[in-house]
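Read off the chains here:
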Amino acid sequence: MKFFCNTTGGSPDYTGMGVEVRVNGLTKSFGQTPVWSEVSLTLPAGEISVLLGPSGTGKSVFLKTLVGLLPPDRGEIWIEDRDLTKLKERELYEVRKLFGVLFQDGALFGSMNIYDNVAFPLREHTKLKESQIKEIVSEKLDMVGLIGAETKLPGEISGGMRKRAGLARALVLNPQIVLFDEPDSGLDPVRTAYLNQLIVDLNQQLDATILIVTHDINTARTVPDNIGLIYHGHLAMFGPREMLLSSEEPVVRQFLNAQRIGPIGMTEEKDADELAAEAAAGVDLPPLPAIPLQLRPSNGQPRRAERAPGEWCRANGIVPPWGSFQ
Amino acid sequence: MRTVGEFLIFCGHAIRACFKRPWQIREFIDQAWFISSVSIAPAALVSIPFGAVIALQLGSLVRQLGAQSFTGAASVLAVVREAGPIVTALVIAGAGGSAICADLGARKIREELDAMRVLGIDPIQRLVVPRVVASMLVAVLLNGVVSVVGVAGGYFFNVVLQGGTPGAYLASFQALGQLPDLVSGEIKAMVFGLVAALVATYLGMNAKGGPKGVGDAVNQSVVITFMLLFALNFIMTAIYFQVIPQKGS
């Protein structure tokens, strides 16, 4: 795989390490409506993290805050030695070159065909010749399986193809941090499985730090190295995948296992009466399901951030549910 | 109040971005072509009856006073000073502005603008500036078209339909009107083009709430621009009368 790093701003050469993102005390509200508050987490360099949460908890808002599209009320976002929330507009555009973002519907430019969409960042930020651009664009389109659709307009292709084209465009400048906004929304299970495999393979090839925002628990259970859960306006828990999947904490347990019993209700959280009624009725939580194996790169080689199955559980003296890692 | 403040910040940002390289020449040409293609025909079609109405209104009155030789003067004065900029304002806001607002609104809700920012490109420089400059240029040119077509329409109605004297109509052009009238009309048109494009782009880029939000933004943009342009027209006319001495006074 070749890397071209001819960005005009003279940004550092591609090091293949990914970049750590540290979020500290981040708080966001729209007018009087709080979205979430005091979110602190670290996306470890080169690892895959998933941010989960019920619908309407501001996961996409978090993602947009992370790239500086929305200003937070308080808090810090550290990327390398720069605090994103304090940067001027011009510096922000510089830092954003580290990012690749896949938006929900791909966010392709409607007036350009697929090829021009993917070539757009190269034409804007590099001085590459058209022949070199063609080489890179073909490589990225091949990666997402869109060879042959170059001349189609975004309006003429399916939602899944738009997503993959958006991914190709997000990857074309070799970003060190890749953010996915609900990569599985609107895709069938087979396409979701392919996309998840693609994410794992990408992490292996690029060593980029990856954050996936989703509410699909299957993705959350099998893809990432770390899981975070946003619930009721705060970050309920963030940590290694095995930590959350073996957690007895009611919210985490309920969400990661898609159960009705627990603090999360149909609209927002259940009130104390409902919880008391549930407890009085003697409803027992079903046992934790087994922790599945993590998705591995398709070429069989390990990823840099990969850990052995059950490593975290052994190190922390946790007995995983029966049948895990098989 | 907050929106007004944000709009003014946006305007400052856009005007600063006008002088920043690289200039988006292609986008500018595309947009200038697009805005003229949607506005020339309506502008011409509105200005013909406008000139005609002035000719009809004046025609009988002026004849009773025995001042037929001044119909041309009055027609030129009305068209060049007022009708031209007003018709330009209506068409630029109604046809050009609404199209710009709808285009940017659709891009906003499809997250194209966010994607652009993430790719390290400022949508204000890339999309707003070419539209604002194109709108100003087209407004100036459109004002010329409206003036010529309006005066020609007045001529046709006065001379051909009402039996006026062609020579008198043409000769009296200079009786009341003067060159600064045309210059002020062009300046007005340029300001209208600027304001209409700024309002349309601002509202388009801040559309929210899905397709309905885009519709609302377009609606607001047309209404707000109309009100702003008529108010601005009054202010600029008042200044003009203070600054430029009038003929015959």
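Not measured: the values here are computed from a predicted model.

(A) Focus on the overall build of chain A. Helices and strands together make up the secondary structure of chain A, namely eleven helices and ten strands. The buried share of chain A, taken over its 326 residues, is 40%.

(B) The overall build of chain B, seen in detail. Within chain B one finds nine helices and zero strands. Written out in order from the N terminus, the α and β elements of chain B read α-α-α-α-α-α-α-α-α. Principal axes of the C-alpha set define a box for chain B whose edges measure 70 × 35 × 35 Å.

(C) Looking closely at the pairing of strand β6 (residues 99-102) of chain A. All names here are of chain A. Neither face of β6 is open: one carries Phe99 and Val101, the other Gly100 and Leu102, and all of them are buried. Of the strand pairs in this sheet, β6 and strand β7 (residues 177-181) are connected by four bridges, and their pairing is parallel. Across the sheet, the residue bridging to valine 101 is leucine 179, located in β7.

(D) Quick look at the interface of chain B and chain A. The partner chain A presents 18 residues to the eleven residues of chain B that form the contact. Its residues placed into classes, the side of chain B that touches chain A shows four nonpolar, one polar and six charged.

(E) Spatial organisation of the packing of helix α3 (residues 71-109) of chain B against helix α8 (residues 179-205) of chain B. Residues and elements named next belong to chain B. Axis separation between α3 and α8 bottoms out at 8 Å; the angle between their running directions is 20°. Put simply, α3 runs roughly parallel to α8. Regarding α3 and α8, the two cross each other, and that crossing is right-handed. In terms of residue class, the contact of α3 with α8 is made up of 17 nonpolar, nine polar and five charged.

(F) Examining the nonpolar core more closely. Residues Val118, Ala168, Leu179 and Ile199 of chain A are the most contacted members of the largest nonpolar core, which totals 78 residues. Within the second largest apolar cluster, 63 residues are counted, among which are Leu58, Ala93, Val132 and Val214 of chain B.

(G) Seen up close, the pairing of strand β8 (residues 209-213) of chain A. Residues and elements named next belong to chain A. The buried count for β8 comes to five of five residues, which makes it a mostly enclosed element. Burial along β8 is two-sided: Thr209, Leu211 and Val213 facing one way and Ile210 and Ile212 facing the other are all buried. With four bridges connecting them, strand β3 (residues 48-52) and β8 associate as parallel partners. The partner of valine 50 across the bridge, within β8, is isoleucine 212. Here β7 runs beside β8; their pairing, made up of five bridges, is parallel. Bridge assignment links valine 178 to a residue of β8, and that residue is isoleucine 210. Crossover β7 to β8 through helix α6 (residues 189-206) is right-handed.

What counts and how
- Residues numbered from 1 in each chain as written.
- Chains lettered and ligands numbered in written order.
- Predicted model: local features only at pLDDT ≥ 70, side-chain atom pairs only at ≥ 80, totals over all residues.
- Helix = DSSP H or I, 4+ residues; strand = E, 2+ residues; numbered from the N terminus.
- Buried ≥ 20, exposed ≤ 12 C-beta atoms within 10 Å, placed from the backbone.
- Pairing = 2+ DSSP bridges.
- Contact = placed C-beta atoms within 7 Å.
- Nonpolar A, V, L, I, M, F, W, Y, C, P; charged D, E, K, R; others polar.
- Axes fitted to C-alpha atoms, helices over the stretch in contact; angles between N-to-C directions.
- Parallel < 35°, antiparallel > 145°, perpendicular 65-115°, else oblique.
- Left-handed = near helix turned anticlockwise from the far one by under 90°.
- Core = buried A, V, L, I, M, F, W, Y, C linked by C-beta atoms within 7 Å.
- Right-handed = clockwise from strand over helix to strand, strands pointing away.

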